[in-house]
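Notes for the structure review
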Amino acid sequence: MTQLVKPQPDGAVHRPAIVEHLDFAALPRQHVPRFVLSPRRIFSDVLSRGWIESAIPFLAFLVVVITILSTTDGFFSSGNLRTMAQYAPDAGIVVLALLIVVAAGGIDLSIGSNFAMTAFVALFGFHILELSVWAVLPMSVMTGAVIGTVNGTLAGLLGCGALLTTLGTMITIRGLYTLASQSQLVEISASARIDAAWDYIGFERFAGMPVGFWALVVVSIAVFFMYRQSRFGWHLLAVGGNRKAARNGGIQVKRTVFLAYIMAGALVGLAGFLYAARQNSVGSDTGIGMEFFLLTALVLGLGGFTPGRGAVVSVLIGFATIYFLNNAMINAGFRGDLVQFTQGFIILSILAIDVRFKKNLHRLVASSYLDPVKRVPEPVQGAEGLMPDQIAPKLADATILGAGEIDGPEDVILDVQGNLYCGTRDGRIVRFDAPDHLHARTLAKIGGRPLGLAFDQEGRIVTCVAGMGLVRVSMDGTHELLSDQTGRSLISVQDDTTIRMADDLDIAPDGMIYFTDATKRYDMENWAMDLLEGRPNGRLLSYDPRSGRTRTVCDNLVFPNGVCLAHDRRHLLVASTWECSILAFDLQDLAAGPRVLVSGLPGYPDNINRASDGGYWLALAGMRNPVIDLAMKHPNVRRRMTRRVPPTNWLFGNLNIGGVLKLDSAGSIVDAFWDRPDGPLYMITSMREHKGALYLGGVTNNKIGRLDLPDVDNGWTGPDSYWGQK
């Protein structure tokens, strides 16, 4: 047992806090599953994956392949596949160029004319100007980029309609190509120039496949990772998905569209170079109809003309489907008009099925995503004589601060000087200046939904922000994102690396930040669904400021919420909201897992914080009731309720009455603070003791409460408790 003694300012009442080390080994173990498996969850997670939207195009591709296998001999022989791989790359690269433009919300009808012009430029440079192959390649690419610059300037920078702009450039470039090719075509055809590199690119194989095929592979990988890993790729998708939102998010929309057209034009130039090296000639019909053929492949792969999607694999599947179908029908001897008719009919049928599938996909996900499980809560214990109907409502004497000036102060915190801080629903951190706390002023606008707050040793605020992660705010208003991802779960269909609902945190003496991700499956707007599910969807995380690394300390916890470093600085307390319990972790042996410090609480615990006497304050966001406790034992009842009953009529915990429990150092309830049933301090989610008063916040409230506490150390502050007096 340790007695905390700190120097106090003159005149302050000092009562040293008696801090008992938790007898961690004597606490019962909390069972934590290594992984959570459920057929229903796996099914819904698979349906929620982005690639599931490509299921119908992929199935169509399989049907085409199987049909060709059963009707055509030798179509998929190694020789025929190599032949198709030699002629397909240039069109495959152009369809990826078209994807870049469409993903940014544009369209390019000039790709066929651009393709023909760049192929002509490559032939002109090689045969007429007799440039080296390595000079012809950039010349062809630059020609495509120049045409893309014209499209980008008109459609991107000047805001002209992309359809009319590219239609105009299609006609113009086609006319220029016709004039240029007619004047030089005979001389190009008569050229006898031979070059080993030119012939190698056009006809030779590398590792058994044509060089053009490997060029398509490299471009596909580059475009794939551009969308996945690069800022420019993210900007393209954001602009295509919602230009207004992208503009409000600080993205230069016009510049992004402009660059998309330039990049697409450059890729078309590369494709034109490959075509020229292979064919060694061009004709008056080169590139004619290419835009419609590739638009068909693109629409088939994406399941529609869908901006904001960088689905490289899906588009290549759509391209392969059209390419195989076209070649198989031509090889079978069908007339060109019948081939086009059959292709059109098949494509319309596939798109009709795909649209219907996507229309009902969200219904399938919604019907299977919620996966309730049986949960038997511990009976209420330890609060005898302290329930709301058994004692006077002490919070009725609280003073109301900031009424109407804030919205949703989920957590409150005070610095050593007594300035009061809280987060708000609109993504701000606000400050009430000491000593009166009369008016709120914005310290920082960080976005998201600020929840838990803590001071680090330098006096900066670190906050958990739902939808963003862990954010640090300096007193000058600047802020930085510390962490928004952690390691992926060992067995998880969905990628759960993103921190969806960072909830509360505390900071250890070595600077390590421990914080909770309350639920990996639900967002701030629908966190209540996690209660109805009752599964261990949350996790305790840690962030090391020295390395910048975030790791998962303990996965599969039941809505881990409040976090508090114990007075002994060795143990970490975590509130498990739906379990109605407080867990304890040994920071020197985190692998040992959690143990149960308190169970059978009368309500749903939220934040937990230190008290001046060596105990703890615990906020109860709502009260348990027998109906909910009974419903938690019957998962099928909860599942049917969510399907058949409007959400406004669902059974849920009583959040109209909240309160604060006072715990001693061993976790026993020694006092309770409630408001009147019609009082202003409902759904209390946080409280902080500071110099003889208790400050209270609520996630659904528009005010902060202040209650004077009798017989406490009126010189005690939270920051001093953690970092000592400065």
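As shown above, the structure is provided for reference.
Read on for a plain summary of the structure. (Residues numbered from 1 in each chain as written. Predicted model: local features only at pLDDT ≥ 70, side-chain atom pairs only at ≥ 80, totals over all residues. Heavy atoms only, no water.)

Quick look at the overall build of the chain
- Per the secondary structure count, the chain includes 19 helices and 28 strands.
- Overall size of the chain, expressed as C-alpha extent along the three principal axes, is 105 × 55 × 45 Å.
- Each of the 726 residues in the chain was classed as buried or not, and the buried ones make up 54%.
- Pairs at least 24 apart in sequence give 64% of the contacts found in the chain among residues at least 6 apart.
- Only carbon and sulfur atoms are counted for the fraction: they give 59% of the accessible area of the chain, which is about 31200 Å².
- Here the chain holds 63 positive side-chain charges and 64 negative ones, and the gap between their average locations is 6 Å. (Helix = DSSP H or I, 4+ residues; strand = E, 2+ residues; numbered from the N terminus. Buried < 20%, exposed > 50% of the residue type's maximum accessible area, 1.4 Å probe, protein only. Contact = heavy atoms within 4.5 Å. Areas by Shrake-Rupley, 256 points an atom, 1.4 Å probe, with all protein chains shown as cover. Lys, Arg positive; Asp, Glu negative; His and termini not counted. Charge placed at Lys NZ, Arg CZ, Asp CG, Glu CD.)

A look at the layout of surface pockets
- In this structure, the largest pocket spans a volume of roughly 1000 Å³.
- What lines the largest pocket is a set of 43 residues, and nearest its centre among them are Arg34, Ser489, Lys520, Asp555 and Asn556.
- Among the secondary structure elements, those contributing two or more residues to the lining of the largest pocket are helix H1 (39-48) and strand S17 (549-557).
- At five residues, S17 tops the list of elements feeding residues into the lining of the largest pocket.
- The residue makeup of the lining of the largest pocket, split by class, is 18 nonpolar, 13 polar and 12 charged. (1 Å grid on protein atoms, 1.4 Å probe; cavity = no way out; pocket = protein on both sides within 12 Å on 5 of 7 lines; lining within 4 Å. Points joined across faces, edges and corners; volume = space filled by probe spheres on them. Nonpolar A, V, L, I, M, F, W, Y, C, P; charged D, E, K, R; others polar.)

Some words on helix H12 (residues 253-279)
- Over its 27 residues, H12 extends 39 Å from the first C-alpha to the last, a length consistent with the 39 Å expected when each residue adds 1.5 Å.
- In terms of burial, H12 is a largely internal element, 21 of the 27 residues being buried.
- Within two residues after H12, asparagine 280 carries a phi angle of roughly 60°, on the positive side. (Expected span 1.5 Å × (residues − 1).)

Quick notes on the sheet that holds strand S15 (residues 513-517)
- The strand order across the open sheet built from four strands is S14-S15-S16-S17, with neighbouring strands paired in antiparallel fashion. With partners counted over all chains shown, the strands left at the sheet margins are strand S14 (502-507) and S17, one partner each. Across the sheet, the mean angle separating the axes of adjacent strands is 20° when strand polarity is ignored.
- In this sheet, S15 lies alongside S14 in antiparallel orientation, the contact comprising four bridges. Among the inter-strand pairings, isoleucine 507 is bridged to a residue of S15, identified as isoleucine 513. (Pairing = 2+ DSSP bridges. Axes fitted to C-alpha atoms, helices over the stretch in contact; angles between N-to-C directions.)

As for a nonpolar patch on the surface
- Residues Phe35, Leu37, Ile42, Leu490 and Ile491 make up a contiguous nonpolar surface patch of about 520 Å² in total accessible area.
- Checked against the element boundaries, phenylalanine 35 lands in the loop between strand S2 (17-19) and H1.
- For phenylalanine 35, a relative accessible area of 42% corresponds to the partly exposed category. (Patch = residues over 30% accessible without salt bridge, like charges linked within 9 Å, V, L, I, M, F, W, Y side chains within 5 Å. Salt bridge = Lys/Arg side-chain N within 4 Å of Asp/Glu carboxyl O.)

Observations concerning the pattern of salt bridges
- Applying the stated criterion across every chain yields a total of 24 salt bridges.
- Within the structure, one salt-bridge network assembled from shared partners comprises Asp371, Arg535 and Arg639.

Points about the sheet that holds strand S9 (residues 440-445)
- If you trace the four strands from one edge of the open sheet to the other, you get S6-S7-S8-S9, paired in antiparallel fashion. Bordering the open sheet on either side are strand S6 (412-414) and S9, each of which pairs with just one other strand. Neighbouring strand axes in the sheet, compared pairwise and without regard to direction, differ in orientation by 25° on average.

Thoughts on the side chain of serine 110
- On the secondary structure map, serine 110 appears in the loop between helix H4 (89-103) and helix H5 (111-128).
- Setting aside its immediate chain neighbours within four residues, serine 110 contacts Asn151, Thr166, Thr169 and Met170.

Quick word on empty space enclosed by the protein
- One pass over the structure, following the stated rule, counts six cavities of 30 Å³ or more.
- Looking at the largest cavity, its volume works out to about 240 Å³.
- Around the largest cavity, the lining is made up of 19 residues, and of these Ile413, Arg688, Gly718, Pro719 and Tyr722 lie nearest the centre.
- For the lining of the largest cavity, the secondary-structure elements that each account for two or more residues are S6, strand S10 (449-455), S14, strand S22 (603-610), strand S26 (684-690) and helix H19 (718-723).

Section: the pairing of strand S24 (residues 659-663)
- Extensive coverage of S24 is indicated by the burial of five of its five residues.
- Of the two faces of S24, both are covered, the one formed by Gly659, Leu661 and Leu663 as well as the one formed by Val660 and Lys662.
- As paired elements, strand S23 (residues 616-623) and S24 share five bridges and run antiparallel to each other. Bridging from a neighbouring strand, alanine 619 pairs with valine 660 of S24.
- Sheet analysis places S24 next to strand S25 (residues 669-674), joined by five bridges and oriented antiparallel. Residue pairing for S25: lysine 662 is matched across the bridge by aspartate 671.
- The antiparallel pairing of S24 with S25 creates a hairpin that spans five residues between the two strands, and glycine 667 there sits at a positive phi of about 95°.

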